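For reference, the chains in residue letters:
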Amino acid sequence: MKAAWASSSRRTLIYQRETRLYADIEGLDDGTLQWVAPGGYTSMFDFKPNALIVAEVLSAVGAFSIKGINAVSAVWDEVDFQDATTCNESDRLIQAMLERLIEEKLVTEAASDDHVGQLYNRWQMPLYALDMKSKVVERSALEEEQERMLWAETGVTNEY
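Now for a description of the structure that goes with this document. Only a predicted model underlies this, so the values are computations on that prediction, with no experimental measurement involved.

### Brief notes about the packing of aromatic side chains
Thinking step 1. Tallying each qualifying case throughout the model produces one aromatic pair.
Thinking step 2. Between tryptophan 76 and tryptophan 123 the ring centres are 4.9 Å apart and the planes differ by 45°, which places this aromatic pair in the tilted class. Here tryptophan 123 lies in the loop between helix H5 (113–122) and helix H6 (139–153) and tryptophan 76 lies in helix H3 (residues 66–76), a separation of 47 residues in the sequence.
Thinking step 3. Assessed through its relative accessible area of 12%, tryptophan 76 is described here as buried.
Thinking step 4. Judged by its relative accessible area of 23%, tryptophan 123 falls in the partly exposed class.

Set out below in structure tokens:
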């Protein structure tokens, strides 16, 4: 009896640890699948990693079904992200993906307007094809760019 309890207790501890660390699809005894999101991110700031938030949103908008994965793939395969690709292109694809998921009636009742905002704010543009090597830049050029960006953020676009 003790060995069975210890084995069950150990499985419970492992399950609890893994559900804090990993996102997964869990199969229930009746054959249904459910999304298991990591837990344990409670703090005074209630921090959740962006990747987890995006995964939760994609689940809510129906992207994790077979039809949803195919819809997402079809939309995002339109663009080969390169160095010159801007975040506007990523936003356009998010819009097209959401429209397609809605059109195919895959969005769940759990989806909300807040989820849409989370996708635009937190889903990182694919970086796999970008040249991320460092390059030598003069300090003065960096300072000029920093100054230009500061003025642009304040709404001043004219250079003096």
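Next comes the rest of the write-up.
### Some points on the side chain of glutamine 118
Thinking step 1. One can find glutamine 118 in helix H5.
Thinking step 2. Looking at glutamine 118, its side chain comes within polar contact range of the side chain of arginine 122, at 2.4 Å.
Thinking step 3. Residues contacting glutamine 118, with those up to four places away along its chain left out, are Ile53, Val57 and Trp123.

### Structural notes on unusual backbone geometry
Note: most peptide bonds trans; most residues except glycine with negative phi.
Thinking step 1. The phi dihedral of lysine 105 is positive, around 55°, even though this residue is not glycine.
Thinking step 2. Residue placement: lysine 105 occurs in the loop between helix H4 (87–103) and H5.

### With respect to the packing of helix H2 (residues 50–60) against H5
Thinking step 1. The contact between H2 and H5 brings their axes to 9 Å, and the two run at 140°. As far as their axial angle goes, H5 and H2 are oblique. Here H2 and H5 pass one another in a crossing that is left-handed. Every residue of H5 that contacts H2 at Asn50, Ile53, Val54, Val57, Leu58 and Ala60 is listed here: His115, Gln118, Leu119 and Arg122.
Thinking step 2. Of the residues contributing to the contact of H2 with H5, the split by class is six nonpolar, three polar and one charged.

About the criteria used
Residues numbered from 1 in each chain as written. Predicted model: local features only at pLDDT ≥ 70, side-chain atom pairs only at ≥ 80, totals over all residues. Heavy atoms only, no water. Phe/Tyr/Trp six-rings, centres within 6.5 Å; stacked < 30°, edge-to-face > 60°. Helix = DSSP H or I, 4+ residues; strand = E, 2+ residues; numbered from the N terminus. Buried < 20%, exposed > 50% of the residue type's maximum accessible area, 1.4 Å probe, protein only. Polar contact = N/O pair within 3.5 Å; in protein donor to acceptor, adjacent residues only side chain to side chain. Contact = heavy atoms within 4.5 Å. Axes fitted to C-alpha atoms, helices over the stretch in contact; angles between N-to-C directions. Parallel < 35°, antiparallel > 145°, perpendicular 65-115°, else oblique. Left-handed = near helix turned anticlockwise from the far one by under 90°. Nonpolar A, V, L, I, M, F, W, Y, C, P; charged D, E, K, R; others polar.

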